[in-house]
Structures are given as C-alpha cells and as structure tokens.
Amino acid sequence: MRAVVYDRYGPPDVLRLADVERPVPKEDEVLVKIHATAVTRADCATREANRRSGLAVTLLSRSISGLRRPRQRILGSELAGEVEAVGAAVSEFAVGDHVFGSSGFRFGAYAEFICMRESARIAHKPNGMSFEEAAAVCDGGLNALWCLRLADPRKGQRILIYGASGAIGTAGVQLAKYFEADVTAVCSTKNLELVRSLGADRVIDYTQEDFTKNGQTYDVIFDAVGKHSFRRCRGSLKRGGSYLATDGFQNLILALWTSRIGHKKVMFSIPPRYTKKDVLFLKELIEAGRYRAVIDRCYPLEDVVEATRYVETEQKTGNVVLTIHGG
Ligand SMILES: NC(=O)c1ccc[n+]([C@@H]2O[C@H](COP(=O)([O-])OP(=O)(O)OC[C@H]3O[C@@H](n4cnc5c(N)ncnc54)[C@H](OP(=O)(O)O)[C@@H]3O)[C@@H](O)[C@H]2O)c1
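Procedures and definitions
- Residues numbered from 1 in each chain as written.
- Predicted model: local features only at pLDDT ≥ 70, side-chain atom pairs only at ≥ 80, totals over all residues.
- Heavy atoms only, no water.
- Helix = DSSP H or I, 4+ residues; strand = E, 2+ residues; numbered from the N terminus.
- Rg over C-alpha atoms; globule rule 2.2 N^0.38 Å.
- Buried < 20%, exposed > 50% of the residue type's maximum accessible area, 1.4 Å probe, protein only.
- Contact = heavy atoms within 4.5 Å.
- Near = heavy atom within 4 Å.
- Polar contact = N/O pair within 3.5 Å; in protein donor to acceptor, adjacent residues only side chain to side chain.
- Areas by Shrake-Rupley, 256 points an atom, 1.4 Å probe, with all protein chains shown as cover.
- Nonpolar A, V, L, I, M, F, W, Y, C, P; charged D, E, K, R; others polar.
- Axes fitted to C-alpha atoms, helices over the stretch in contact; angles between N-to-C directions.
- Parallel < 35°, antiparallel > 145°, perpendicular 65-115°, else oblique.

Draft legend 1. The overall build of the chain, seen in detail. If you tally the helices and strands in the chain, you get ten helices and 15 strands. Taken against the 2.2 N^0.38 rule, which gives 20 Å for 327 residues, the C-alpha radius of gyration of the chain at 20 Å falls within 12% of a compact globule. Here the C-alpha coordinates of the chain stretch approximately 60 × 45 × 35 Å along the principal axes. Across the 327 residues that make up the chain, the buried fraction comes to 56%. In the chain, the share of contacts with a sequence separation of at least 24, taken over all contacts with a separation of at least 6, comes to 67%.

Draft legend 2. Focus on the site of the ligand. Near the ligand there are 24 residues, and of these D139, S188, Y206, D247 and K316 occur at the shortest range. Take A167: an N or O atom from its main chain is 2.9 Å from an oxygen atom of the ligand. Contact distances for the ligand include 3.0 Å between an oxygen atom and a side-chain N or O atom of K190. Its free accessible area being 900 Å², the ligand has 88% of it covered by the protein chains. When the residues that make up the shell around the ligand are grouped by side-chain class, the tally is eight nonpolar, nine polar and seven charged.

Draft legend 3. View of the packing of helix α4 (residues 138–150) against helix α9 (residues 276–287). Direction vectors running N to C along α4 and α9 enclose 110°, while the axes themselves pass 10 Å from each other. It follows that α4 is roughly perpendicular to α9 by the angle criterion. Across from C138, G141, L142, L145 and R149 in α4, the residues of α9 making contact are D278, V279, F281 and L282. Residues of the contact of α4 with α9, tallied by class, amount to six nonpolar, one polar and two charged.

Written out as structure tokens, the structure reads:
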C-alpha cells in the first residue's frame, strides 16, 4: 500500500511517499481503507521531535517516539474510511461500514490502510457526513473535550476561549456551548464571523482589543492555541478560576505549583486520555446538529509536504485534511 513515511526527525520534506506492507488485522481488529486523514499540530511536533519547544521537551519527545530515529515511520492520527476486513472476534463492525476515529499517538493514518482494535477510538461515521469532514472531527474535538472536562464545565460558567479559530478552539467553542457555558471567543478579524457562527455569545478581535485590559473576569480561560500565558491573564480570572493550557512545558510546572498554592489554578494534563466513549459522544453531537468540523483546506495525500508547511504557519482555521483513495 502507499503511505507517507519519515525515517529521521526534521523539516516537512523528510516526509515521502513509499510502498509499505499492508497491515493484517488481528482477531480483535478492523482493517480500515482510509479515505481521509488530517495533518495536525501533533504530527508536526512529533516529526520535528518538538525541537521548537527546547531541549528538555525534545528529549522527552524522542524518549517516546524513538531516541535516534522515529519508531513509527507513518504519522497521522485522524482517519475516516471504510472497513475492508475484520478479525474473527470483531462484532461491532462489518466489511463496508463507514467509520471514523483517532489512532492517537500510535499514528499510522497517513496511509491507504490502518488496523485498529475494535475497542479503540473508532466509531461508525455520523450520518450525512463526508469522509473529509469526519477526518476533521477528532483532533480538535477530543483535545478540547479533554481540556474542558478538567474544569468541570457547567451551565452559566463564564469561559473565555483564546485561539477560538484553530482546531482545538473551534471545537472548544462548540463544546463549551453544549455544556451551556457563557462563551467569549477571542480570534483575529478574519475569523470573527466563523467563531460567531459556532455559537460564541460574544467575540473579541485581539487585533483591536486586549481582553486582559477590559475589566471582564472569567471562571475559565482556555488557551486553545498555546499563545497566551497564566501570568498575563491571571488578572482576568475570577477567584477560584482556572487557566486551561494546551501547550508549554512551563504549564506542567505551574499546574503542580498552583494545585497547592493560590486560588487560581493552571490545568494541564498530558498525555490526554481519550476513549472510544468520547468519539461516540462527538458522533452523537454531530448527528444532533450540535457540532461540526471546521475545514480550512484539503490536499491529496501526495501533497503532504505542502499541507504540512501550511499547518506549520500556525495560521490554519480549524483543520487541514488529506484525501486518499479519491476522498
Ligand atoms: N492539535 C493537536 O493535536 C494538539 C494536541 C495537543 C496540543 N496541541 C497544541 O494545541 C495548540 C493548538 O493546536 P491547534 O491545532 O488547535 O492550533 P491551530 O489550528 O494551528 O491554530 C491556528 C489558529 O491559531 C490562531 N493564532 C495563531 N497565532 C495566534 C496568536 N498569536 N494569538 C492568538 N491566536 C493565534 C490563528 O487564528 P487567528 O488568525 O484567528 O488568530 C489560527 O487560525 C498548539 O499549541 C498545539 O501544539 C495540539
């Protein structure tokens, strides 16, 4: 089968198309013919061994993904496709079923086929959704769900989402609204309408207004894009409020520190532990019309390097999808 592989850590052009062996499903696995996957920030960070985040994080990253070279040659954690074969013990899926899901840090989805355990984060594709859209659900959706749950989201809670136009941000706005929070979304001018359409109660254009200086306070500040900091926004948190981080080694230390000292908390828990139940939860929301995946661009698998360069501008709106087998 065709797959995008990489044999060393480095810039986007270490990625190349190659012929590799097609995986064979074990007893409890399904073989999925992938129609669409997504290029995520996690793919990019893993490929360059988190070089941008400093030596300590690079070492940690390599200790997980391979010290000298990547152990898993195929990146990609998002997938939507069709069941091609099932192991003898599989009961939930049958050949021909349309499915979507996330292989997480096992990766392997930049490929024509992938094997997933039936109990893994895979579910039937929501009715009426294209493969491209389905491949764009889990990255932002599962990450945002994991982060928001740390803060026990509930009705009337005032949540500010910074970076509301990215993969995690667009998911965060919709999920926070599902939990009946009062949502203020922060993004740049070009994304105001999009973020409003996702259900934000109010939007702030950060090129025009600094939310930390307008006197408003929040129960939760969700930095969905890793561009703000606890130090800069703690004045905008209510007493007992939480700053939810998605990135940054320093936030791990701050999370430990503020869990013992002070009345405003940093919350950052890695690695995230998503489950199949979470994927099923997103599917239900989609089918109820309460969640949609935002797609910025689609590229064919062959253009993975170009797609990756675009994701690394850190300016994508929502998700970037790769189509395989004609999408
Ligand atoms: N995606 C993952 O798998 C994953 C997993 C764990 C953690 N993370 C971390 O989570 C963060 C978000 O990931 P993501 O994939 O959701 O991000 P993303 O989609 O790449 O975010 C892109 C958006 O961020 C906004 N942005 C860029 N620079 C900004 C700035 N200086 N201030 C405010 N907004 C800015 C841009 O919108 P505007 O023009 O509207 O500002 C752009 O649309 C990253 O730090 C990533 O490393 C990601």
